[in-house]
Amino acid sequence: MKALLLATVAALVVLPSGAPAPDAGAPAALNGTWLFDGAPDYPGLRAVQIAQYGGAAIGEVFTDWYGMIPMRSLEISGDTATFQMETPSPHDAPTTWTIHRDGDAIRVTGKIWYQHVDAEGRPGSAAAVARFLLPPNPLPKLHKLPDNGLARTPPMGWSSWNHFADKIDDATIRQIADAMVASGLRDAGYRYINIDDGWQGERDAAGVLHPNAHFPDMKALADYVHARGLKLGIYSSPGPKTCAGYTGSYGHAARDAKTFAAWGIDYLKYDLCSGEGIFRTAGEVKAAYQQMGAALQATGRGIVFSLCQYGRDAVGTWGRDVGGNLWRTSSDIEDTYASMAKIGFATGGEAADAGPGGWNDLDMLEIGNGGMSLDEYRTHLTLWAMQAAPLILGNDLRHMSTETRDLLTNRAVIAIDQDPLGAAGQRLRVAGPIEVWSRSLADGGRALAYFNRSDKRVAAGGTIAADLGTSSAREAWTGRPLAAGSEVSIPAHGVILLRIGAPHSQKPAARPA
Ligand code: GLA
């Protein structure tokens, strides 16, 4: 199909150029090339080309986000045309667009994903569309990449997105790095300072991507972060545009990997974004990730590779093969109990996929951002720890309450997340409003989490006794021992997290196959 499209473009760009004759209503009223100034940035509508040959008509739409999109089922009647536009997500049905000739201009209206487009196009030369064509991007054949030896336990760090979105700059990142150290978070294990979407500027004539004016010197920033015993992460997309509309790595994966390595980058989050409109099969998505995975490995620098394609296409079964160290299992988290619980209880990926070197990424944490109660945030961290998920903080570390800091630095909970066996936990049973989750640990013991999913405090002594028998365990959040038969209750949306089993009394657990 690609070959056919390219042949079509070749045919179109040699169409006679210039404005079609202003003969509204004539059969060829829409023929030619039309250029759009001031159309919304999403999807960045740049040009439309239509050609009619006898009874047949073909046409294409050129966009910043998805490159060239063919008009499907194009029907022209006088000065009006309708066509079907493929939506960016291959999971959604096409939408109907219309084009209407109005004097010297055409008006294009339609919907792409959530954006309504209503733009006016003026006649242009056929050759003008060349600058809207995406660069060539031959995808590699699929094969298994070697393990990069990184992320033996789930990565821990911080990312700018959940709190700052794209309102970020060099000074803020430096202050966050300082706060990471001063708060004790670094010493509790949080090491990566990840710049998410919003750092990118433009490519130069040689194709090299530069940061925008908010990041004057990425290498100097990496040096600053490294000098504090921390590591620096960055963000890009396999598509031409990132989700917030910044420049992506499409057609430039190898060059961008080299640029990141030269800056001293230690972690890359690679977010599908506009790539979903271009890589339309699971195989193509996989190849696009493998392309960057291989490019990162070719730099010779150890760079953790974080896949973000929202958990589609059973990514947990192939994330490692494309060089990934972690892969998102869901769409974006929000700072609400409902959003966090949906991911944590239901869409955290398959436990069997997780293990040293490759982890289910339940998304960045919202703890400290204010939308949940302290008990709900404890549940948040516990769910992530029980599932061996990366712990990437998402709050403003410069302004953190003591409660938030204490919660995030709880050594017993972090130790469960970072357990070297790397066996992700799973739901054991549901007992009324209580969900019991269990995780095997390297010392032969287990972590058991009792989550109260209701909005009322519930008694839990009975269900805990069913697991503990006559032995006692330590509650990870409070550090207190909990004897069998104790009368305990769990607050609304809260959790009790037990660590049981002594290293000397039990054989080390075998890693699940
Ligand atoms: C997507 C990702 C988020 C974040 C934003 C940035 O929505 O899933 O985690 O990186 O893009 O634009």
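Our subject is the structure that appears above.
Because the structure is predicted, anything quoted here is derived from the model rather than measured. (Residues numbered from 1 in each chain as written. Predicted model: local features only at pLDDT ≥ 70, side-chain atom pairs only at ≥ 80, totals over all residues. Heavy atoms only, no water.)

A. Region of interest: the overall build of the protein. Counting its regular elements, the protein contains 12 helices and 27 strands. Considered along the principal axes of its C-alpha atoms, the protein spans approximately 90 × 50 × 40 Å. Counting the 513 residues in the protein, one finds 54% classified as buried. Restricting to contacts in the protein with at least 6 residues of sequence separation, those with at least 24 account for 65%. Accessible surface computed for the protein: about 20500 Å², of which carbon and sulfur atoms make up 54%. For the protein, the distance from the average position of its 46 positive side-chain charges to the average position of its 53 negative side-chain charges is 7 Å. (Helix = DSSP H or I, 4+ residues; strand = E, 2+ residues; numbered from the N terminus. Buried < 20%, exposed > 50% of the residue type's maximum accessible area, 1.4 Å probe, protein only. Contact = heavy atoms within 4.5 Å. Areas by Shrake-Rupley, 256 points an atom, 1.4 Å probe, with all protein chains shown as cover. Lys, Arg positive; Asp, Glu negative; His and termini not counted. Charge placed at Lys NZ, Arg CZ, Asp CG, Glu CD.)

B. Quick look at the sheet that holds strand 24 (residues 473-475). Reading across from one edge, 20-21-22-27-24-25 is the order of the 6 strands in this open sheet, with antiparallel pairing throughout. Looking at which strands have only one partner, the edges of the open sheet turn out to be strand 20 (426-431) and strand 25 (481-482). As paired elements, strand 24 and strand 27 (residues 495-500) share 2 bridges and run antiparallel to each other. By the bridge assignment for strand 27, Glu475 is matched with Leu498. Set on the sheet, helix 8 (residues 337-346) makes contact with strand 20, strand 21 (434-440) and strand 22 (446-452); between it and strand 21 the angle comes to about 50°. Sheet contacts for helix 9 (residues 374-386): strand 21, strand 22 and strand 27; angle to strand 22, the most-contacted strand, approximately 145°. (Pairing = 2+ DSSP bridges. Axes fitted to C-alpha atoms, helices over the stretch in contact; angles between N-to-C directions.)

C. Inspection of helix 3 (residues 170-182) at higher detail. Over its 13 residues, helix 3 extends 19 Å from the first C-alpha to the last, a length consistent with the 18 Å expected when each residue adds 1.5 Å. Looking at the buried residues of helix 3, the elements they touch are strand 10 (156-159), helix 2 (161-164), helix 4 (185-188), strand 11 (192-194), helix 5 (218-227) and strand 14 (231-236). Downstream of helix 3 by one or two residues, Gly184 has phi in the positive range, about 90°. (Expected span 1.5 Å × (residues − 1).)

D. Looking closely at the sheet that holds strand 14. With parallel pairing, 8 strands are arranged side by side in an open sheet as 18-17-16-15-14-11-10-19. Of all the strands in the sheet, the pair left with one neighbour each is strand 18 (359-361) and strand 19 (391-393). Ignoring strand direction, the axes of neighbouring strands in this sheet form an average angle of 25°. Where strand 15 (residues 267-271) and strand 16 (residues 304-308) come together, 5 bridges link them in parallel fashion. Pairing of Lys269 across the sheet is with Ser306, part of strand 16.

E. Layout of the packing of aromatic side chains. Here the structure, examined in full by the defined rule, presents 18 aromatic pairs. Plain terms: the ring middles of Phe260 and Trp263 are 6.0 Å apart, the flat faces sit at 45° to each other, and that makes the pair tilted. Highlighted residues: Phe260 and Trp263, both in helix 6 (residues 253-263), separated by 3 residues, approximately one helical turn. Per residue, the accessibility class of Phe260 equals that of Trp263, and both read buried. Members of the aromatic cluster, connected to one another through ring pairs, are Tyr42, Trp65, Tyr66, Trp113 and Tyr114. When the ring centre of Tyr224 is taken as reference, the NZ or CZ atom of Arg228 above it lies at 3.5 Å. Over the face of the ring belonging to Phe345 we find Arg453, whose NZ or CZ atom lies 3.8 Å from the ring centre. (Phe/Tyr/Trp six-rings, centres within 6.5 Å; stacked < 30°, edge-to-face > 60°. Lys NZ or Arg CZ within 6 Å of the ring centre and 35° of its normal.)

F. Quick peek at the nonpolar core. One finds Tyr190, Ile193, Trp199, Met292 and Trp384 to be the most contacted residues of the largest nonpolar core, which totals 87 residues. With residues up to four places along the chain from it excluded, the contact list for Met292 reads Ser249, Ala253, Asp256, Ala257, Phe260, Leu268, Tyr270 and Phe305. Ile99, Ile112, Val117 and Ala119 belong to the second largest nonpolar core, which has 24 residues in total. (Core = buried A, V, L, I, M, F, W, Y, C linked by side-chain atoms within 4.5 Å.)

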